[in-house]
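# Per-entry structural report
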Amino acid sequence: MRLTSTVLFFLLFISCNALALKPQLLGRHTGQTYSHHRPVSYKTFYFDQQIDHFGFLENGTFKQRYLLNDQHWHKEGGPILFYTGNEGDITWFCNNTNAKYLNYLTSEQALADFAVLIKALKKTLPGAQKSSVIAIGGSYGGMLAAWLRMKYPSAVVGALAASAPILQFIVPCGEFYRVVTNDFTNSGTNCSSNIRISWAAIDRVSATAEGLQWLSQEFRLCGPLKSQEEVFGFKSWLQETWVNLAMVDYPYEANFLQPLPAWPVKVVCTNLQFDTGVSDKQLLNGISKAVRVYYNYTGDAVCLNTSQTATGNLGMLGWFYQSCTEMVMPMCTGGIADMFEPQPWNFQAFSDECYNQFGVRPREDWAEIVYGGRNIGAHSNIIFSNGNLDPWMSGGVTESLSKSLVAIMINGGAHHLDLRYNNEFDPESVIKTRELEVLYFKQWIKQAVSDCN
């Protein structure tokens, strides 16, 4: 997102990469973030940050990394954009994965980190003492941006929370996958219905040794499927593929999770237009072609690896830990309103899995208690932007709550499209959204300056 020359100083916390939230506890790492744009120029600094902001027995500190770009900043009170980092690339966490340090991995501690860092920077950076600060973030970072404004309104004058599912803890568990399904339904004839019947086709074909071999060869898997347990993992991999495609259904070629064509869901659906009566192998041949749009658009992949798990990436492991403590987002599928196999939400089973993985059990209602759920009308100066193609809009704020708690829906928008670079193929909806967001920024800054005088 390129802003006007009135908002020119950038602070980025932890990482420039905005990894997507994962709907499953044990998902798979989908790849790296690539960019065809020139690298953003920034300087890297470290701040001695308190490990525990809410207790007094632990006085230790860690080196909090932040990135600074002041190339175009108008000093002496120029506004500051504070990018609230996401759940990936946490260097300190990667070096401290035992239970003692995991216990400090909470959104509340992260928000306190932000507030302390902002105060320190405004005190020490020449010209920043009277600067207005606006928090900006997407996905989990968007949740943090909104919550930073709610919990520390003296630290930031406003927040842009893009694709921020702050209500995902309390919405019906099937909403997320319903949005995924709608994307595929609207992107091609019979597309979602053929994905819906593909699960049973996989079961039938994989029931024999010959079928397992055929599936492995048809999908060009790096390792052959040898058991029903591996077939279950294969289907989970397919499910996550459809979810990721919906999240990154951008109107131009992009490389957010994987190199992909413009409108990738539409491209996928060209392989899934079968009428009723299609054979299992013919259907699964279409599914395999569709999957390769996501995993091998460049044609460079020799084979497809279904076992590349997110637990090998400690940034994602950190998110899974938070899912097992405070970020409990119920997810379920029914096979009717969505295109997936029925899988009910079972909190006890989820809790047991968390305990086996981390030795902790989740607090089911904690996020709603801490952050207010739908009862946030007393807050101010937050923009909630959501794209109607993004599955995470299911847990987003999609209707304005007041004149200063503003919801913006982006027609034809996928996951935080408004935070991406300008592109000649941007829909008019996102162009207008960015203009409106900047307009609100200016209003907040003007009001903050007025309040100080």
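All values reported here derive from a predicted model rather than from experimental measurement.

## Looking at the overall build of the chain
Secondary structure summary: the chain contains 14 helices and eight strands in total. Buried positions account for 57% of the 453 residues belonging to the chain. When contacts within the chain are restricted to residue pairs at least 6 apart in sequence, those whose partners lie at least 24 apart make up 73%. For the chain, the accessible area works out to roughly 20000 Å², and carbon and sulfur atoms hold 51% of it.

## Quick word on unusual backbone geometry
At Arg220, a position not held by glycine, the phi torsion is positive, near 50 degrees. Here Arg220 shows up in the loop between α7 (209-218) and α8 (228-247). Overall, the relative accessible area of 47% leaves Arg220 in the partly exposed class. Despite not being glycine, Trp263 has its phi angle at roughly 45 degrees, a positive value. One can find Trp263 in the loop between α8 and α9 (264-269).

## Points about the packing of aromatic side chains
Per the stated rule, a full pass over the model turns up 19 aromatic pairs. With a centroid separation of 5.0 Å and 80 degrees between ring planes, the pair formed by Phe219 and Phe234 is classed as edge-to-face. Of this pair, Phe219 sits in the loop between α7 and α8 while Phe234 sits in helix α8, and the two are 15 residues apart along the sequence. Residues Phe219 and Phe234 agree in their burial class; the two are buried. Their ring planes at 85 degrees and their centres at 4.7 Å tell us that Tyr294 and Tyr295 sit as a pair that is edge-to-face. For the pair Tyr294 and Tyr295, a shared accessibility class is recorded, and that class is buried. Taken together through their ring pairs, the aromatic side chains of Phe176, Tyr177, Trp199, Phe340 and Trp392 make up a single cluster. A cation over a ring is seen here: Lys266 above Trp263, with NZ or CZ 5.2 Å from the ring centre. Sitting over the ring of Tyr250, Arg420 keeps its end group 4.4 Å from the ring centre.

## A look at the pairing of strand β5 (residues 133-138)
Taking burial as the measure, the six residues of β5 include six buried ones, the bulk of the element. Viewed along the sheet, the connection from β5 through helix α4 (residues 140-151) into strand β6 (residues 158-162) turns out right-handed.

## As for the state of the cysteines
Should the sulfur atoms of two cysteines be covalently bonded, the bond is a disulfide. With the rule as written, the count across this model stands at four disulfides. Each sulfur of the disulfide joining Cys191 and Cys269 lies 2.1 Å from the other. The sign of the S-S torsion, about -80 degrees, decides the handedness of the disulfide formed by Cys191 and Cys269: left-handed. Here Cys191 is found in helix α6 (residues 191-205), whereas its partner Cys269 is found in helix α9, with 78 residues between them in sequence. The exposure classification of Cys191 matches that of Cys269, with both residues buried. Each disulfide pairs two cysteine sulfurs, and for Cys222 the partner residue is Cys303, the sulfurs being separated by 2.0 Å. Residues Cys222 and Cys303 are joined by a disulfide whose S-S torsion is about 95 degrees; by sign, that bridge is right-handed. Of this pair, Cys222 sits in the loop between α7 and α8 while Cys303 sits in the loop between α10 (280-295) and α11 (314-323); the two residues are 81 residues apart in sequence, bridging distant segments of the chain.

## Regarding the nonpolar core
If you look at the biggest cluster of nonpolar residues, it comprises 109 residues, and the most contacted ones within it are Trp147, Ile166, Phe184, Leu238, Trp242 and Phe384. Top contributing element to this core by residue count: α8, with nine residues. Setting aside residues no more than four positions away along its own chain, Trp147 makes contact with Ser107, Leu111, Tyr152, Ile166, Phe169, Met327 and Tyr371. Membership of the second largest hydrophobic core comes to 15 residues, among which are Ile134, Ile136, Ile408 and Phe441.

Cut-offs used in this document
Residues numbered from 1 in each chain as written. Predicted model: local features only at pLDDT ≥ 70, side-chain atom pairs only at ≥ 80, totals over all residues. Heavy atoms only, no water. Helix = DSSP H or I, 4+ residues; strand = E, 2+ residues; numbered from the N terminus. Buried < 20%, exposed > 50% of the residue type's maximum accessible area, 1.4 Å probe, protein only. Contact = heavy atoms within 4.5 Å. Areas by Shrake-Rupley, 256 points an atom, 1.4 Å probe, with all protein chains shown as cover. Phe/Tyr/Trp six-rings, centres within 6.5 Å; stacked < 30°, edge-to-face > 60°. Lys NZ or Arg CZ within 6 Å of the ring centre and 35° of its normal. Right-handed = clockwise from strand over helix to strand, strands pointing away. Disulfide = S-S within 2.5 Å. Core = buried A, V, L, I, M, F, W, Y, C linked by side-chain atoms within 4.5 Å.

In short, the description is geometric, and any link to function would need to be established separately.
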